[in-house]
Amino acid sequence: MGMIKVVGLVLHPRRDCGSAIDAIVEWATRREVTVLGLHDEINRIDCEAVAVSSEEMVERAGLLVSLGGDGTMLRTMRLVEGRKTPVLGVNVGRLGFLAEVDLPDLPGALSAIDEHKFTIESRTAVRTTLPDGREVSAFNDIAMVRVPGDGLAAVGIAVEGKNFVNYAADAVIVATPTGSTAYSFSAGGPIVSPNVEGLIVSASAAHSSFNRSLMLALSERLELGVLPTSGRLAIEVDGIIEGYAEPGTKLEIDPVPAAAQVVRLGGTSFYERARRKLRVEGSAQVGVPDAAADATVVDSFERRRYEILLGGEVAGVLHYRRHGEKIELMHTEIEQTFSGQGLASRLASAALEDARVRATPVVATCPFVTGYLDRHPEYSDLLSDGV
């Protein structure tokens, strides 16, 4: 690929990407790299990026950078579908799942890409032709969803031209492995590694006696048929309604292998990100049920910190270091907007409970944790004398 000469930016429609754009422009200026943005996105902000059409951006860019959350990442992947242009996902704001790096790690990530210190992960897409003749692609899922006030989604699943099973449900979802942790997961489907090649068919709130997910090979022909008993259905493509289907409509679903190339820097594995996204926490979900009751504590071990999440946003962190068998609790920070809600105590108790479950001796150098331990002698047995 050689040195990247042109980088294209895709921005979240609402989140403030200013500092991320500044970091990219600064990096690009030092390396004489051109930064492109889309007309309607770049015109909102004052920056050095060159405004172009999406066609021109896809044509010229050697790397696309998605700034935002998962929706922005999906849009970027759909933009470059079928090309070899790698896509780097950067989380701006809430915790995303598809993005590879958070804002503070951006300059380092760009340099690593420059020095070829990254791998590429191919992502499968699914494509279908809508009743109005338009072709659409999704990197998470295509779903046929009941319209409020209309009947259930009654959908027949045909594999290799023969009807296999019928679902009656709120929605029938065809997901890629990437999408297995999105809509399909909330419908009860399995978590599928992105290294698996296949499609998952799931039903959300199935009313039929058959409610299991199916896993199909990419080579098997899949068709969804809206049954005579069905209501009118919305066709959702990566969560966006693109059309409607009436009884009798048939949708052939075509997998597109290696439709996008995603940059991986090796910081976190799919399973670590899945744990964070799906809050598979085990020991860390503890603490005082009060204002902090809606908060979730996760061990973000790739960043060496416990994070307390409120509505998906990181509201505070407790930084730690592991020294051999011991853990040093170093520093607690709560975002200003969330102060006074007991979140620091919730972080401290979660970290101490986690240490107890793992039988890890604790060294407290954080003044807040030290104060918390004074007030909660039940944790004193965890303390170790110095690192």
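Here is what the cut-offs are and how they apply
Residues numbered from 1 in each chain as written. Predicted model: local features only at pLDDT ≥ 70, side-chain atom pairs only at ≥ 80, totals over all residues. Heavy atoms only, no water. Helix = DSSP H or I, 4+ residues; strand = E, 2+ residues; numbered from the N terminus. Rg over C-alpha atoms; globule rule 2.2 N^0.38 Å. Buried < 20%, exposed > 50% of the residue type's maximum accessible area, 1.4 Å probe, protein only. Contact = heavy atoms within 4.5 Å. Areas by Shrake-Rupley, 256 points an atom, 1.4 Å probe, with all protein chains shown as cover. Phe/Tyr/Trp six-rings, centres within 6.5 Å; stacked < 30°, edge-to-face > 60°. Lys NZ or Arg CZ within 6 Å of the ring centre and 35° of its normal. Pairing = 2+ DSSP bridges. Right-handed = clockwise from strand over helix to strand, strands pointing away. Salt bridge = Lys/Arg side-chain N within 4 Å of Asp/Glu carboxyl O. Polar contact = N/O pair within 3.5 Å; in protein donor to acceptor, adjacent residues only side chain to side chain. Axes fitted to C-alpha atoms, helices over the stretch in contact; angles between N-to-C directions. pLDDT = per-residue confidence, 0-100.

## Brief notes about the overall build of the protein chain
For the protein chain, the count of helices and strands is nine helices and 23 strands. Relative to the globule expectation of 21 Å for 387 residues, the C-alpha radius of gyration of the protein chain, 24 Å, shows essentially globular dimensions. With 387 residues in all, the protein chain has 52% of them scored as buried. In the protein chain, 63% of the contacts between residues at least 6 apart in sequence involve partners at least 24 apart. Summed over its atoms, the accessible surface of the protein chain is roughly 17,100 Å², and 50% of this surface lies on carbon and sulfur atoms.

## A short note on the packing of aromatic side chains
Aromatic rings considered in pairs are described by the distance between their centres and by the relative angle of their planes. What the rule picks out here adds up to three aromatic pairs. Aromatic pair Tyr306 and Tyr320: ring centres 5.1 Å apart, planes at 55 degrees, arrangement tilted. In this pair, Tyr306 is assigned in strand S20 (residues 305-310) and Tyr320 in strand S21 (residues 313-323), connecting sequence segments 14 residues apart. By relative accessible area, Tyr320 is classed as buried at 3%. The ring centre of Tyr244 lies 4.0 Å from the NZ or CZ of Arg232, which sits over that ring.

## Remarks on the pairing of strand S1 (residues 6-11)
In terms of residue burial, S1 counts as a mostly covered element, since six of its six residues are buried. Burial along S1 is two-sided: Val6, Gly8 and Val10 facing one way and Val7, Leu9 and Leu11 facing the other are all buried. Here four bridges tie S1 to strand S2 (residues 34-38), and the two strands are oriented parallel to one another. Residue pairing across strands places Val6 opposite Thr34, the latter belonging to S2. You can see the chain leave S1, run along helix H1 (residues 18-30) and come back into S2, and the turn it takes is right-handed. With five bridges connecting them, S1 and strand S4 (residues 63-68) associate as parallel partners. Each bridged residue has a counterpart across the sheet, and for Leu9 the counterpart in S4 is Val65.

## Let's talk about the pattern of salt bridges
Side chains that carry opposite charge are capable of pairing whenever their charged atoms lie near each other. In total, this model carries 24 salt bridges according to the counting rule given. Of the charged contacts, one joins Asp170 and Arg146 as a salt bridge, the two residues approaching to 3.5 Å between their closest N and O atoms. Of the two residues, Asp170 sits in the loop between strand S11 (162-169) and strand S12 (171-175) while Arg146 sits in strand S9 (residues 141-146), which places them 24 residues apart along the sequence. For Asp170, a relative accessible area of 26% corresponds to the partly exposed category. Here Asp381 and Arg356 are joined by a salt bridge, their closest N and O atoms 2.5 Å apart. With Asp381 in the segment after helix H9 (367-375) and Arg356 in helix H8 (residues 343-357), this residue pair connects regions lying 25 residues apart in the sequence. Given a relative accessible area of 56%, Asp381 falls into the exposed group. For Arg356, a relative accessible area of 31% gives the class partly exposed. Within this structure, Glu100, Glu121, Arg123 and Arg264 form a network of salt bridges that share partners.

## Notes on helix H5 (residues 106-114)
Here H5 lies mainly inside the structure; seven of its nine residues are buried. The elements touched by buried residues of H5 are H1, S4, strand S5 (86-91), strand S6 (101-102) and strand S18 (250-264). Immediately beyond the C-terminal end of H5, within one or two residues, lies His116, with a positive phi of roughly 60 degrees.

## Some words on the side chain of Glu328
Mapped onto the fold, Glu328 is located in strand S22 (residues 326-334). Overall, the relative accessible area of 9% leaves Glu328 in the buried class. Within polar-contact distance, the side chain of Glu328 engages the side chain of Thr365 at 2.9 Å.

## Section: the sheet that holds strand S13 (residues 199-204)
One open sheet accounts for six strands, arranged S14-S13-S12-S9-S16-S17; its pairing is antiparallel. Of all the strands in the sheet, the pair left with one neighbour each is strand S14 (214-216) and strand S17 (240-245). Strand-to-strand twist of the sheet, defined as the mean angle between neighbouring strand axes without regard to direction, takes the value 20 degrees. Of the strand pairs in this sheet, S9 and strand S16 (residues 233-237) are connected by five bridges, and their pairing is antiparallel. Following the sheet pairing, Ile142 is matched in S16 by Val237.

## Observations concerning unusual backbone geometry
The phi torsion at Asp238 lies on the positive side, around 50 degrees, for a residue other than glycine. As for its placement among the helices and strands, Asp238 is situated in the loop between S16 and S17. With relative accessibility at 11%, the residue Asp238 sits in the buried group. The backbone phi angle of Ala359 is positive, close to 50 degrees, even though this residue is not glycine. Residue placement: Ala359 occurs in the loop between H8 and strand S23 (362-364). Its relative accessible area of 65% is what places Ala359 among the exposed residues.

## Concerning the confidence of the model for the protein chain
Residue-level pLDDT values for the protein chain average 86, and 92% of them are 70 or greater. Ranking the elements of the protein chain by mean pLDDT puts helix H7 (residues 270-278) last with 72 and strand S15 (residues 222-226) first with 98. Every residue in residues 280-291 scores below 50 in pLDDT, and together they form 19 contacts with partners more than four places removed in sequence or on other chains.

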